Amino acid sequence: MGRHPTFTDDVLLRRASDRLWKDGCPAVSIRDLESSMGVKAPSIYRRFGSRNELLARAIDSYTARVVEGRLDRYLGDGPDPLAGLRAFFESVRVPVGRESRPRGCLLAMTLAQPEMGDPRIAASVLGGLAAIRRAFAGQLERAVQAGRLGPGVDTDALAESLVASLLGLLNLVRADEAAAGPMIEAIFASHFPVATDRKEPAHAR
């Protein structure tokens, strides 16, 4: 009899987070996770202890792989920090792989789901959002240094407002991708009424 394949926790968490990202935590049962992860329930519980602990660790995996990967890709030391920030917002409109519609964001989805009642899951979601807020604040500081924003801008408060706008966009894009473009325009026009006089290139996404 052949042996069952052995998967690392990282592989299993990637598979679990992908399923949660597609369908949302409430819709994903242990049986669904068995199918997506390629292991049986006893092995899942043995490795992760409980469904909620697995969900929390899968969200952590998603943050490290998808969210921080996207932040690293679009934010940083580019010539125009606001163009990089806008490119990050535009990237939420791009479907995953060969899918026809954008998925939105696992963090934004879970924020409105009953699983937020579990402290461990809540900590994972809020930790992911905090990583986005810190990255936005750093990008805004770079915009100040580049002369794209005035020196008196409260970058922490502006970053907080941008995260709130991002969450609204992420919820919208799953339902109506066509409406996402005008919403991004509105977000940047309202947050950067002077700085956005200089149009960002369309290829920035």
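Being a predicted model, the structure only gives us computed values, none of them experimental. Numbering of residues starts from 1 in each chain and follows the order in which that chain's sequence is written. Only residues with pLDDT of at least 70 are given local features in this predicted model, and only at 80 or more are side-chain atom pairs given and counted; all residues enter the totals for whole chains, interfaces and linings. In computing side-chain values, all of the structure's heavy atoms are included and hydrogens and water are not.

### A closer look at the overall build of the protein
- In this description a helix means any DSSP run of H or I spanning at least four residues, a strand means any run of E spanning at least two, and both kinds are numbered starting from the N terminus. Across its full length, the protein carries 9 helices and 0 strands.
- When the helices and strands of the protein are listed from N to C terminus, the series reads α-α-α-α-α-α-α-α-α.
- Contact between two residues is taken to exist if any of their heavy atoms lie within 4.5 Å; hydrogens are not considered. When contacts within the protein are restricted to residue pairs at least 6 apart in sequence, long-range pairs at least 24 apart make up 67% of them.
- Approximately 10400 Å² of the protein is accessible, and the part contributed by carbon and sulfur atoms is 53%.
- We treat Lys and Arg as the positive residues and Asp and Glu as the negative residues; His and chain ends play no part in the count. Where a charge lies is defined by one atom per residue type: Lys uses NZ, Arg uses CZ, Asp uses CG and Glu uses CD. Averaging the locations of the 28 positively and 25 negatively charged side chains of the protein gives two centres separated by 8 Å. Using a 1.4 Å probe, the Shrake-Rupley method yields the accessible areas, and only the shown protein chains count as cover for residues.

### Structural notes on the pattern of salt bridges
- Any carboxyl oxygen of Asp or Glu that lies within 4 Å of a side-chain nitrogen of Lys or Arg is treated as forming a salt bridge with it. Using the criterion set out here, one finds 16 salt bridges in the structure.
- For Arg148, the salt bridge is made with Asp80, and the minimal N-O distance between the two is 3.0 Å. Of this pair, Arg148 sits in the loop between helix 7 (119-145) and helix 8 (155-175) while Asp80 sits in the loop between helix 4 (51-74) and helix 5 (81-91), and the two are 68 residues apart along the sequence.
- Salt bridges sharing common partners tie together Arg86, Glu90, Arg93, Glu177 and Glu185.

### Topic: the nonpolar core
- Core analysis: the biggest nonpolar cluster contains 63 residues, and Leu85, Phe89, Phe136 and Phe192 have the highest contact counts within it.
- Sort the elements by how many residues they give to this core and helix 4 lands first, with 10 residues.
- Setting aside residues no more than four positions away along its own chain, Phe136 makes contact with Leu71, Leu75, Leu85, Phe88, Phe89, Ala159, Leu162, Val163 and Leu166. By nonpolar core we mean a set of buried residues, namely Ala, Val, Leu, Ile, Met, Phe, Trp, Tyr and Cys, connected to one another through side-chain atoms within 4.5 Å. Exposure categories follow from relative accessible area, calculated using a 1.4 Å probe and restricted to protein chains: below 20% of the type maximum is buried, above 50% is exposed, and the middle band is partly exposed.

### Considerations on the state of the cysteines
- Disulfides are defined in this document as cysteine sulfur pairs within 2.5 Å. Taken as a whole and judged by the stated rule, the model has 0 disulfides.
- Counting only cysteine sulfurs, Cys105 is the nearest neighbor of Cys25, a cysteine outside any disulfide, at a range of 11 Å.
- In this structure Cys25 comes out as buried when scored by relative accessible area, which is 0%.

### Re the packing of aromatic side chains
- Ring pairs are drawn from Phe, Tyr and Trp, using the six-membered ring of Trp, whenever the two centres fall within 6.5 Å, and their geometry is named by plane angle: stacked under 30 degrees, edge-to-face over 60, tilted for the rest. Under the counting rule described, the total for this entry stands at 6 aromatic pairs.
- Centre to centre, the rings of Phe88 and Phe89 are 6.4 Å apart; their planes meet at 75°, and the pair counts as edge-to-face.
- The exposure class of Phe88 is buried, given its relative accessible area of 5%.
- Consider the rings of Phe88 and Phe136, whose centres lie 5.5 Å apart with planes at 85°: the pair is edge-to-face. One end of the pair, Phe88, is in helix 5; the other, Phe136, is in helix 7, and 48 residues separate them in sequence.

### Comments concerning the confidence of the model for the protein
- Per-residue confidence for the protein gives a mean pLDDT of 91, with 93% of residues at or over 70.
- Values of pLDDT, which run from 0 to 100, indicate the predictor's confidence residue by residue. Across residues 196-205, confidence stays below pLDDT 50; counting only partners more than four residues off in sequence or on other chains, it has 17 contacts.

### Section: the packing of helix 4 against helix 5
- With axes taken as lines fitted to C-alpha atoms, and helix axes fitted only over the stretch in contact, angles between N-to-C directions fall between 0 and 180 degrees. With their axes 9 Å apart at the nearest point, helix 4 and helix 5 run at an angle of 140° to one another. The angle between helix 4 and helix 5 falls in the class oblique. As helix 4 runs across helix 5, the sense of the crossing is right-handed. Facing Arg70, Leu71 and Tyr74 of helix 4, the residues of helix 5 in contact are Gly84, Ala87, Phe88 and Ser91.
- Grouping the constituent residues of the contact of helix 4 with helix 5 by class yields 4 nonpolar, 2 polar and 1 charged. Put simply, angles under 35 degrees are roughly parallel, angles over 145 are roughly antiparallel, angles from 65 to 115 are roughly perpendicular, and the rest are oblique. Left-handed describes a crossing whose near helix is turned anticlockwise from the far helix by less than a right angle; the clockwise case is right-handed. Residue polarity follows a fixed list, in which Ala, Val, Leu, Ile, Met, Phe, Trp, Tyr, Cys and Pro are nonpolar, Asp, Glu, Lys and Arg are charged, and the others, Gly among them, are polar.

### Some thoughts on empty space enclosed by the protein
- Site definitions follow a grid-based scheme: protein atoms alone, a 1 Å grid, a 1.4 Å probe that fits but cannot get out for cavities, and for pockets an open set with protein on both sides within 12 Å along at least five of seven lines, plus lining residues having an atom within 4 Å of a point. Grid points are joined across faces, edges and corners, and a volume is the space filled by probe spheres set on the points. Scanning the entire structure with this criterion turns up 2 cavities of 30 Å³ or more.
- Quantified by volume, the largest cavity comes out at close to 90 Å³.
- Lining the largest cavity are Tyr62, Val66, Val67, Arg70, Phe88, Val92, Gly104, Cys105, Ile132, Leu166 and Leu170.
- With 4 residues, helix 4 is the single largest residue contributor to the lining of the largest cavity.

### Details of the packing of helix 3 (residues 41-48) against helix 4
- Here helix 3 crosses helix 4 at 70°, and the two axes come no closer than 9 Å. Classed by the angle they form, the pair helix 3 and helix 4 counts as roughly perpendicular. Mapping the contact onto sequence places Ile44, Tyr45, Arg47 and Phe48 in helix 3 and Arg51, Glu53, Leu54 and Arg57 in helix 4.
- Across the contact of helix 3 with helix 4, the residue classes tally to 4 nonpolar, no polar and 4 charged.

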